[in-house]
Amino acid sequence: MVVSAVRGPGVNQMLDDEDSGRNVDAIYRRHLVLVRGRALRILGNRALAEEVAQEAFIRFIGRRCRLGEEDNPAGMLVRIVTNLALNMLRDAKRRRELLEESGPDPEAGRPGGLAPEELLLLRQVLARVPQREARVASYYYLDGMEHEEIAALLGTHRRAVGRTLDKFRARATRLLANGKERAAS
Amino acid sequence: MSDDVFRQNKPSPGCPSALALSRYVIDDLDPDAARRIDEHLQSCPPCRTQVEREREEVEVARTAPVPPALAAAASRPRRAWLPWSLTAVAAAAAVVVLSVWILPGTTPRPHDTTRVKGALALSAALLRDGELVFEQRDLAAVTSLRAGDRLRLRVTGVGSGHLALTGCDPSGCQVLFRGPVPAGGAIPVGVRATAGESRIEVTACPDATRLDRALANPKNPPESCRRRSYPIRVDQNP
């Protein structure tokens, strides 16, 4: 028989492993780089990205304890860490630390992607727009995701993603123009 | 978009997203998406660099200590349902039942069918060499296994009734599990793969009697039963 059932203690052991701490260890180790990388792209600061990533895993496990296992752990973790990192970016005290006092982490960039100054400017805008626009714009600009990929992740329609990005662009254009005016005066 | 307020953070517009590359590195993409990235990497040095960098980080993370706060969160007792969730589910169920029973010209026969929640399907968690490779992947997307791999299967698309899980190879079929649909759909037996061509079948019926008939005569099962078959190729462990 090519496929055979595993019964008895072996099965119990396997199920116990998956339902207990070992499964949590496996999820953490498997997704850590993905989750931390997402936080790093938003925050541009490795230490804060580590902090946010750990909080995201704790919230993910808490959610799993309440609601059961996720069909798509990576997607859920990305949504959680995105919200946490954007909240941190928008927090006034953290914002100063992230965007004004310390320079961007060179490892936060992607080979061939945006330059550190461009990333800093983008983060400054993300910190000042409504949360929903910041979320969608961060997927589009920081991660380079296309409308359909974002829509699938968020469980929405790609046209809704497009509309949110249009609003973000209009708001970002105004913010950047105001910034230039202030700098000129 | 050339007149966009910002550029996208990737080498060129045709490159995969950073998230897709991260999911590629941990083997979390469906086979078609993974193949597209394979092809892209052949001609894109910056994306290749990113993938190599993440692979190294993933290798380090494989032995990373799990933060104590996370271990503590995982050891808290699991609460499957909160009272308010139960109330909400009961209310939703009542609406569904009512909307079925008040349809004109129909005679409800609630015991004639399995309760359907979508297409009958199996998803799998794969354990390889003691490591969890993936969780809850559609079994249809699991195209190749290695001998010794262990699968934990979950059935979706059926809320009640009886089901059977059957493993087949050219020499015949063997029932791996049969019984009432388990809570949450989690099949309470693991499946171990040995090398060769095989298939896993799941059959769902409203009750044990009809399930018996479906298994005894798989080519002509009762109308109220549903079946789905998944071809599986198992390679020798390298």
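One structure accompanies this document, and this report is about it. (Residues numbered from 1 in each chain as written. Chains lettered and ligands numbered in written order. Predicted model: local features only at pLDDT ≥ 70, side-chain atom pairs only at ≥ 80, totals over all residues. Heavy atoms only, no water.)

## Notes on the packing of aromatic side chains
To describe a pair of aromatic rings, one takes the distance between the centres and the angle between the planes.
Now for step 1: Evaluation of the coordinates by the stated rule reveals four aromatic pairs over all chains.
Now for step 2: Both rings, one in Tyr 28 of chain A and one in Phe 57 of chain A, keep their centres 4.9 Å apart while their planes meet at 65 degrees; by these two values the pair is edge-to-face. Here Tyr 28 of chain A is found in helix 2 (residues 21-43), whereas its partner Phe 57 of chain A is found in helix 3 (residues 46-67), with 29 residues between them in sequence. Here the two residues Tyr 28 of chain A and Phe 57 of chain A agree in accessibility, since each one is buried.
Now for step 3: A centroid spacing of 4.8 Å and a plane angle of 90 degrees characterise the contact between Tyr 140 of chain A and Tyr 141 of chain A, whose relative ring orientation is edge-to-face.
Now for step 4: Classification of Tyr 140 of chain A as buried rests on a relative accessible area of 6%.
Now for step 5: Linked through ring pairs, Tyr 140, Tyr 141 and Phe 168 of chain A together with Phe 6 of chain B together constitute an aromatic cluster.
Now for step 6: One residue, Arg 137 of chain B, lies across the ring of Phe 134 of chain B, its end atom 4.1 Å from the ring centre. (Phe/Tyr/Trp six-rings, centres within 6.5 Å; stacked < 30°, edge-to-face > 60°. Helix = DSSP H or I, 4+ residues; strand = E, 2+ residues; numbered from the N terminus. Buried < 20%, exposed > 50% of the residue type's maximum accessible area, 1.4 Å probe, protein only. Lys NZ or Arg CZ within 6 Å of the ring centre and 35° of its normal.)

## Some thoughts on helix 6 (residues 116-126) of chain A
Now for step 1: Turning to helix 6 of chain A, its buried residues number three or more, namely Leu 119, Leu 122, Arg 123, Val 125 and Leu 126 of chain A. For helix 6 of chain A, the arc enclosing every buried residue in end-on projection is 160 degrees, short of the 170-degree limit, so these residues lie on one face. (Arc of directions from axis to C-beta.)

## A word on the interface of chain A and chain B
Now for step 1: Taken together, the 71 residues of chain A in the interface contact 80 residues of chain B.
Now for step 2: Carbon and sulfur atoms make up 56% of the surface buried where chain A meets chain B, a total of about 6500 Å² over both sides.
Now for step 3: Summed over the shared surface of chain A and chain B, the number is five salt bridges.
Now for step 4: Across the contact surface, chain A and chain B share 18 residue pairs in polar contact (both at pLDDT 80 or more).
Now for step 5: At 15 residues, the largest contribution of residues to the side of chain A that touches chain B is made by helix 2 of chain A.
Now for step 6: When grouped by side-chain class, the residues that make up the side of chain A that touches chain B number 38 nonpolar, 11 polar and 22 charged. (Contact = heavy atoms within 4.5 Å. Buried area = accessible area lost by both parts, 1.4 Å probe. Salt bridge = Lys/Arg side-chain N within 4 Å of Asp/Glu carboxyl O. Polar contact = N/O pair within 3.5 Å; in protein donor to acceptor, adjacent residues only side chain to side chain. Nonpolar A, V, L, I, M, F, W, Y, C, P; charged D, E, K, R; others polar.)

## Digging into the sheet that holds strand 5 (residues 162-169) of chain B
Residues and elements named next belong to chain B.
Now for step 1: Strand order across the open sheet formed by five strands is 3-9-8-5-6, with mixed pairing between neighbours. Whereas interior strands pair on both sides, the edge strands pair on one side only; in this sheet they are strand 3 (144-146) and strand 6 (172-180). Here the strands of the sheet are splayed against their neighbours by 25 degrees on average, with no regard to which way each runs.
Now for step 2: Strand direction decides the pairing type here: strand 3 and strand 9 (residues 226-235), joined by three bridges, are parallel. Paired with Arg 146 across the two strands is Asp 235, which belongs to strand 9. (Pairing = 2+ DSSP bridges. Axes fitted to C-alpha atoms, helices over the stretch in contact; angles between N-to-C directions.)

## A word on unusual backbone geometry
All names here are of chain B.
Now for step 1: Of note in the backbone geometry, Asp 27 takes a positive phi value of approximately 60 degrees without being a glycine.
Now for step 2: Structurally, the position occupied by Asp 27 is in the loop between helix 1 (18-25) and helix 2 (31-42).
Now for step 3: You can call Asp 27 partly exposed: its relative accessible area is 39%.

## Observations regarding the pairing of strand 8 (residues 196-205) of chain B
Successive side chains on a regular strand alternate, one facing one side of the sheet and the next facing the other.
Residues and elements named next belong to chain B.
Now for step 1: For strand 8, a buried count of seven out of 10 residues is recorded, marking the element as mostly surrounded by other parts of the structure.
Now for step 2: Relative to strand 8, strand 5 is paired through seven bridges, and the arrangement is antiparallel. Among the inter-strand pairings, Thr 166 is bridged to a residue of strand 8, identified as Glu 201.
Now for step 3: As judged from the nine bridges shared by strand 8 and strand 9, these two strands associate in the antiparallel manner. Along strand 9, the bridge assignment pairs Ile 200 with Tyr 230.

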